[in-house]
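The chain contents come next:
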Amino acid sequence: MKKKLLAAAVAVCAVVLAVVIGADFLFSKETNEVLLSMNTTVSLDITGYKPEQTAKEIKEEIMRLDTELLSRTSASSELYALNNGKAQVSDELATLLAELKQIEIDSDGAFCVALGALSDLWGINTDNPKVPTQAEIDAVLKNTKDWSIDGNTVYIPKGVKLDMGAVGKGYACDSMMGIIYGLNHIKTVAAVGGSVLVYSSEPKETFRLGIRDPLGQATDYCAILETTGSCVSTSGNYERFFEDEKGNRYHHIFDPSTGYPADSDINSVTVITQYGYISDALSTACFVLGVEKSLPLLEKYNAEAIFITNNNEIISTLSDGDSATLTVTNNNYKLGELR
Ligand code: ADP
Ligand code: MG
């Protein structure tokens, strides 16, 4: 009898405890899911109450972003309509485009969302990439700076195509954040290609992320970044490229001032900040700008960066008081100083 009473008391206590500290915490589970969207692999690791439900909402949102908003090839997307003559956009796309115009201005044109025709010309992500002629490059670069946005009306000069390749994955991280922020007892590591969102409802919880070795294989890393909740995006010259018959390598991040793959002093740059679209856009911009010219831009957007130079130095803007820390784990690299 005493045993039964004790068992009942324990059960009551468990229920009370569950109510007090949150039932979702007691019934916390983990889910890992992978899907293909936005021309890349999306992986979701979610721990929390009913994580499958959260993952389902996130997957639906990512599909929406791809097929209804940002895709350049899907005929149902707003961007597709915009590139094919429509001038009015939704509030969501208008807000994003206005922010991107500002990043274009702040980066001195290093980030430019209007390089769609240039990407098509090089065809780096296709089966038939080629080095275009100077005349072809001049023709597609002619009006890229002239696209503009006023309220919900977008002006795109003839021949110019907008392309969200450098920012869509980071923007998807922001949309995911909109779904998980405010949920109790949740922890998420979500990667959309090279943009990663790490978030925990425990603000002090830290995550360890490997920074890819630009000279190694896809799973090799050369440093570990330890950070609390944030968005982390990497742009590198190893991601998508082709080689011509002479062995020259042409990658997919273009310098809008030349129309050629950016030839700065780095092989990759990782940008850490609170907003995914900013970390993604800035990683592309900083790749074009190189270490020194990136610093004012990073400061303006309150972002930190880790550059891996083409002489194997890892240069970080992180300093002692920051919540993120960096540890070099590969002896082929050494920590360099900001000049
Ligand atoms: P990834 O797509 O590998 O994550 P990025 O975020 O750096 O890498 O984006 C590169 C893509 O962005 C290219 O494939 C192209 O579509 C587009 N792009 C290339 N150069 C620029 C640039 N200077 N500014 C904006 N978009 C660019
Ligand atoms: Mg980017």
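Rules behind the numbers
Residues numbered from 1 in each chain as written. Chains lettered and ligands numbered in written order. Predicted model: local features only at pLDDT ≥ 70, side-chain atom pairs only at ≥ 80, totals over all residues. Heavy atoms only, no water. Donors = N, O, S within 2.8 Å, 3.2 Å for Na, K, Ca; no water. Helix = DSSP H or I, 4+ residues; strand = E, 2+ residues; numbered from the N terminus. Buried < 20%, exposed > 50% of the residue type's maximum accessible area, 1.4 Å probe, protein only. Domains from an automatic or database assignment. Contact = heavy atoms within 4.5 Å. Buried area = accessible area lost by both parts, 1.4 Å probe. Near = heavy atom within 4 Å. Polar contact = N/O pair within 3.5 Å; in protein donor to acceptor, adjacent residues only side chain to side chain. Areas by Shrake-Rupley, 256 points an atom, 1.4 Å probe, with all protein chains shown as cover. Nonpolar A, V, L, I, M, F, W, Y, C, P; charged D, E, K, R; others polar. Arc of directions from axis to C-beta. Axes fitted to C-alpha atoms, helices over the stretch in contact; angles between N-to-C directions. Parallel < 35°, antiparallel > 145°, perpendicular 65-115°, else oblique. Left-handed = near helix turned anticlockwise from the far one by under 90°.

Draft legend 1. Geometry of the coordination of the magnesium ion (ligand 2). In the first shell of the magnesium ion (ligand 2), the protein supplies Ala 166 (O), Asp 280 (O), Asp 280 (OD) and Thr 284 (OG1), at 2.1 to 2.7 Å from the metal. Considered as a linear motif, the donors of the magnesium ion (ligand 2) on their single chain read A-x113-D-x3-T. Residue Ala 166 is found in the loop between strand E4 (153-155) and helix H8 (168-180), and its partner Asp 280 is found in helix H9 (residues 276-300); the two are separated by 114 residues along the sequence. A residue is classified by how much of its surface remains accessible, and Ala 166, at 22% relative accessible area, is partly exposed.

Draft legend 2. Broad picture of the domain arrangement of the protein. Segmentation of the protein into domains returns domain 1 (2-51 + 183-335) and domain 2 (72-155). Measuring from the centre of the C-alpha atoms in domain 1 to the corresponding centre in domain 2 gives 26 Å. With 22 residues of domain 1 in contact, the opposing surface of domain 2 contributes 24 residues. Carbon and sulfur atoms make up 74% of the surface buried where domain 1 meets domain 2, a total of about 1,900 Å² over both sides. Looking at the side of domain 1 facing domain 2, the largest losses of area belong to Phe 242, Phe 254 and Pro 256, adding up to 31% of the total buried there.

Draft legend 3. Representation of the site of ligand 1 within the structure. Around ligand 1 there are 18 residues in total, and Asp 163, Lys 169, Ser 235, Phe 254 and Thr 284 lie nearest to it. Taking Asp 163, its side chain carries an N or O atom lying 2.5 Å from an oxygen atom of ligand 1. Within the side chain of Thr 284, one N or O atom sits 2.8 Å away from an oxygen atom of ligand 1. Within the complex, 95% of the 570 Å² of free accessible area of ligand 1 lies under protein. Counting residues per element, the shell around ligand 1 draws most heavily on H9, at 3 residues. Broken down by class, the residue content of the shell around ligand 1 amounts to 9 nonpolar, 5 polar and 4 charged.

Draft legend 4. Molecular detail of helix H7 (residues 134-141). The set of residues buried in H7 consists of Ile 137, Val 140 and Leu 141. Buried positions in H7, seen along its axis, are confined to an arc of 95° and lie on one side of it. Of the exposed residues in H7, those oriented more than 90 degrees away from the buried face are Ala 135 and Ala 139. Looking at the buried side of H7, the elements it contacts are helix H6 (116-122) and strand E13 (260-261).

Draft legend 5. How the structure looks around the environment of Leu 100. Positionally, Leu 100 belongs in helix H5 (residues 91-106). On the basis of relative accessible area, Leu 100 is assigned to the buried category, the value being 0%. Taking the C-alpha atoms as reference, Leu 100 lies 9.8 Å from Met 164; in sequence the two are 64 residues apart. With near-sequence residues (within four places) excluded, Leu 100 lies in contact with Phe 111, Val 113, Met 164, Val 167 and Tyr 277.

Draft legend 6. Fine view of the packing of helix H3 (residues 51-70) against H8. As a packed pair, H3 and H8 sit with axes 10 Å apart at the nearest point and diverge in direction by 140°. Taken together, H3 and H8 sit at an angle that is classed as oblique. In this structure, the crossing between H3 and H8 has a hand that is right-handed. Of the residues in H8, those touching H3 at Thr 54, Glu 57, Ile 58, Glu 61, Ile 62, Leu 65, Leu 69 and Leu 70 are Gly 168, Tyr 171, Ala 172, Ser 175, Met 176, Ile 179 and Ile 180. Partitioning the contact of H3 with H8 into residue classes produces 10 nonpolar, 3 polar and 2 charged.

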